[in-house]
Amino acid sequence: MIDWMAFLIVFGAALVSAVFVVALYSLGIRFLATPAPPAPRADGSYEPNGPSRDDEDDDIDTGRPRWATIAANVCFGLSGFAVLVGIFLIIPGLHFW
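We now turn to the structure provided with this report.

## So, the overall build of the chain
- Within the chain, the regular secondary structure consists of 2 helices and 0 strands.
- Expressed as a percentage of the 97 residues in the chain, the buried residues total 10%.
- Nonlocal contacts in the chain, meaning residues at least 24 apart in sequence, comprise 73% of its contacts between residues at least 6 apart.
- In the structure as shown, the chain presents an accessible area of about 8100 Å², 70% of it carried by carbon and sulfur atoms.

## Let's talk about helix α2 (residues 66-90)
- With 25 residues, α2 extends 37 Å between its outermost C-alpha atoms, agreeing within 8% with the 36 Å of an ideal straight helix rising 1.5 Å per residue.
- Taken residue by residue, α2 has Ala68, Ala71, Ala72, Cys75 and Ser79 as its buried positions.
- Check the buried side of α2 and you find it contacts α1 (4-32).

## Focus on the packing of aromatic side chains
- All chains considered together, the criterion is met by 3 aromatic pairs.
- With centroids separated by 5.7 Å and ring planes inclined at 85 degrees, the aromatic side chains of Trp4 and Phe7 adopt a geometry described as edge-to-face. With a gap of 3 residues between them, Trp4 and Phe7 both fall in helix α1, about one helical turn apart.
- A ring pair is formed by Tyr25 and Phe76, whose centres lie 5.1 Å apart and whose planes are at 50 degrees; its orientation type is tilted. Taken together, the residues span a long stretch of sequence, with Tyr25 in helix α1 and Phe76 in helix α2 at a distance of 51 residues.

Criteria and cut-off values
Residues numbered from 1 in each chain as written. Predicted model: local features only at pLDDT ≥ 70, side-chain atom pairs only at ≥ 80, totals over all residues. Heavy atoms only, no water. Helix = DSSP H or I, 4+ residues; strand = E, 2+ residues; numbered from the N terminus. Buried < 20%, exposed > 50% of the residue type's maximum accessible area, 1.4 Å probe, protein only. Contact = heavy atoms within 4.5 Å. Areas by Shrake-Rupley, 256 points an atom, 1.4 Å probe, with all protein chains shown as cover. Expected span 1.5 Å × (residues − 1). Phe/Tyr/Trp six-rings, centres within 6.5 Å; stacked < 30°, edge-to-face > 60°.

Laid out in structure tokens, this is it:
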């Protein structure tokens, strides 16, 4: 006899946790892709799409904001922690009680 309610609970928990881990990881990647603030021109205004660049200037790194790097690392850490908790729950040999 199959306990369908238990099956649905496990399915729902797996679906929610998978979405949570993928969302955190993708949010971390998005934070790493945060561009630097635009550089002001000599007249004090800002260029609408950032400074113009050509092939010779592709190695210039303007950097990303420090908060974006910290937020990305927090998202990656939480994602990894969620994966480790899932592994802990699956493997009975890790249960110490």
